[in-house]
Amino acid sequence: METISENACFGGVQGVYTHASTACACDMTFAVFMPQATGPVPVLWYLSGLTCTHENAMVKAGAQAFAAAHGMALVFPDTSPRGADVADHDDYDLGQGAGFYVDATESPWASHFKMFSYVADELNTLVLRNFYVDEERQGITGHSMGGHGALTLAMTRPEQYRSVSALAPITHPSGSDWGRKQLGAYLGPDKLKWEAHDAAFLMRRDGYPGPVLVDQGGADQFLDSLMPEALAEAMFARRQAGAFRMQAGYDHSYFFVASFMGDHVAHHARELT
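Residues numbered from 1 in each chain as written. Predicted model: local features only at pLDDT ≥ 70, side-chain atom pairs only at ≥ 80, totals over all residues. Heavy atoms only, no water.

What about the overall build of the protein?
Looking only at helices and strands, one finds ten helices and nine strands in the protein. Its C-alpha atoms give the protein a radius of gyration of 17 Å, near enough to 19 Å, the size a compact globule of 273 residues would have. Counting only C-alpha atoms and orienting by the principal axes, one finds that the protein spans roughly 50 × 45 × 35 Å. Residue burial in the protein is summarised as follows: out of 273 residues, 57% are buried. When contacts within the protein are restricted to residue pairs at least 6 apart in sequence, long-range pairs at least 24 apart make up 72% of them. Carbon and sulfur atoms form 50% of the exposed surface of the protein, whose accessible area is close to 10900 Å². Positive and negative side-chain charges of the protein, numbering 17 and 31 respectively, have mean locations separated by a distance of 7 Å. (Helix = DSSP H or I, 4+ residues; strand = E, 2+ residues; numbered from the N terminus. Rg over C-alpha atoms; globule rule 2.2 N^0.38 Å. Buried < 20%, exposed > 50% of the residue type's maximum accessible area, 1.4 Å probe, protein only. Contact = heavy atoms within 4.5 Å. Areas by Shrake-Rupley, 256 points an atom, 1.4 Å probe, with all protein chains shown as cover. Lys, Arg positive; Asp, Glu negative; His and termini not counted. Charge placed at Lys NZ, Arg CZ, Asp CG, Glu CD.)

Okay, structure coming up:
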């Protein structure tokens, strides 16, 4: 692991780091905010959306002030493998910047696009070894494609992620324009394989053992692709603890994310402490 930068931030340190990833077979960059602390702290993973890198949420979400107040670390992974040798696509919603937090099995994506294993296993191990965080107190959140990732990782590994929330998540990718294309490309045509990465399906089948917080902007320009009603209906059908909040007037931008970031960090702080 190499340090790209470290800056004082709300009494702690905001760092950016790079390392050679085995899972993705390329160099990967990620960011970590560490609050000022004397003991191991809870850690919140933030997964970003389409076209984003580690930097978008690190700079725009305003999460560090809230994390510092709660004594919580933040991890901002990248959204995909990157590099000249990594497969890409002319469309913004496929390839680099659009990993969808799945382990691809199809060519040409399978050799690098292992974002589920990268986030949940490889980067998790790297962070636990190099930062003073508590392995037993991990939460996960994210925005848009990252909200999809947060929900699916948490419901797949509830023993690892002890709290979960999402902001404007892609909720039903197997039934959405933001999902069918990508899951088909990465996982192939067998739709049964897609279900493991569909939050609405996982909610109906498995649910989550703790409360789930979801915020969705009512003026989001991508509502038809996000399909919030699919997750809301699944939560009600399962009688899932938590809250699905439609926020009138808010769009899909980081102005929306920043407006409710404090609520989400507080949600995780309650669950992890």
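Some thoughts on the environment of Ala61
Mapped onto the elements of the fold, Ala61 is located in the loop between helix 1 (54-60) and helix 2 (63-70). Contact partners of Ala61, with chain neighbours within four places excluded, come to Asn56, Tyr254, Val257, Ala258 and Met261.

Focus: the pairing of strand 5 (residues 73-76)
Remark: a regular strand shows side chains that alternate across the two faces of the sheet. Across the two faces of strand 5 the burial is the same, with Ala73 and Val75 and Leu74 and Phe76 all buried. Pairing analysis gives three bridges linking strand 3 (residues 26-34) to strand 5, with the strands arranged antiparallel. Bridged to Ala31 within strand 5 is Phe76. The pairing of strand 4 (residues 41-47) with strand 5 spans three bridges and is parallel. Bridge assignment links Val43 to a residue of strand 5, and that residue is Ala73. (Pairing = 2+ DSSP bridges.)

Quick notes on the sheet that holds strand 6 (residues 133-142)
One open sheet holds the nine strands; their spatial order is 1-2-3-5-4-6-7-8-9, and the pairing between them is mixed. The two strands at the open ends of the sheet, each matched to only one other strand, are strand 1 (2-9) and strand 9 (242-247). For this sheet, the mean inter-axis angle between neighbouring strands, taken without regard to orientation, is 20°. The strands touched by helix 2 within the sheet are strand 1, strand 2 (12-21), strand 3 and strand 5, with strand 5 carrying the most contacts at an inclination of about 145°. Contacts between helix 3 (residues 115-130) and the sheet are confined to strand 2, strand 3, strand 4, strand 5 and strand 6, with strand 2 contributing the most and set at about 120° to the helix. (Axes fitted to C-alpha atoms, helices over the stretch in contact; angles between N-to-C directions.)

What about the packing of aromatic side chains?
Evaluated as defined, the whole model comprises ten aromatic pairs. Taking 5.3 Å as the distance between ring centres and 85° as the angle between the ring planes, the aromatic pair formed by Trp109 and Phe113 counts as edge-to-face. The two residues Trp109 and Phe113 agree in class, both being buried. The interplanar angle of 20° and the centroid separation of 5.6 Å between the aromatic rings of Phe113 and Tyr186 together place this pair among those described as stacked. (Phe/Tyr/Trp six-rings, centres within 6.5 Å; stacked < 30°, edge-to-face > 60°.)

What to know about the side chain of Ser176
Along the chain, Ser176 falls in the loop between strand 7 (163-167) and helix 5 (180-187). Discounting chain neighbours no more than four positions away, the residues touching Ser176 are Ser225 and Met227.

What about the pattern of salt bridges?
Oppositely charged side chains can pair when the atoms bearing their charge come close. Within the structure shown, the criterion is met by ten salt bridges. With a closest N to O distance of 2.7 Å, Lys181 and Asp93 form a salt bridge. With Lys181 in helix 5 and Asp93 in the loop between strand 5 and helix 3, the pair connects residues that are 88 residues apart, well separated along the chain. Of the charged contacts, one joins Asp263 and Arg245 as a salt bridge, the two residues approaching to 2.9 Å between their closest N and O atoms. Linking Asp263 in helix 10 (residues 254-272) with Arg245 in strand 9, this pair joins segments that are 18 residues apart in sequence. Of the residues examined, Asp263 reaches a relative accessible area of 36% and is grouped as partly exposed. (Salt bridge = Lys/Arg side-chain N within 4 Å of Asp/Glu carboxyl O.)

Examining helix 2
Within the sequence span of helix 2, burial applies to Ala63, Gln64 and Ala67. The arc that holds the buried residues of helix 2, viewed along the axis, is 90°, so those residues lie on one side. Buried residues along helix 2 sit against strand 1, strand 2, strand 3, helix 1, strand 5 and helix 10. Of the residues flanking the end of helix 2, it is Gly71, one or two places downstream, whose phi is positive at about 65°. (Arc of directions from axis to C-beta.)

Side note on helix 10
Taking 1.5 Å per residue, 19 residues should reach 27 Å; helix 10 reaches 25 Å between its end C-alpha atoms and fits that length. Most pronounced at Phe260, the bend in helix 10 amounts to some 45°. The opening residue of helix 10 is Ser253, an N-cap whose side-chain oxygen sits 3.2 Å from the backbone nitrogen of Phe255. (Expected span 1.5 Å × (residues − 1). Bend = angle between axes of the 7 residues up to and from the residue. Polar contact = N/O pair within 3.5 Å; in protein donor to acceptor, adjacent residues only side chain to side chain.)

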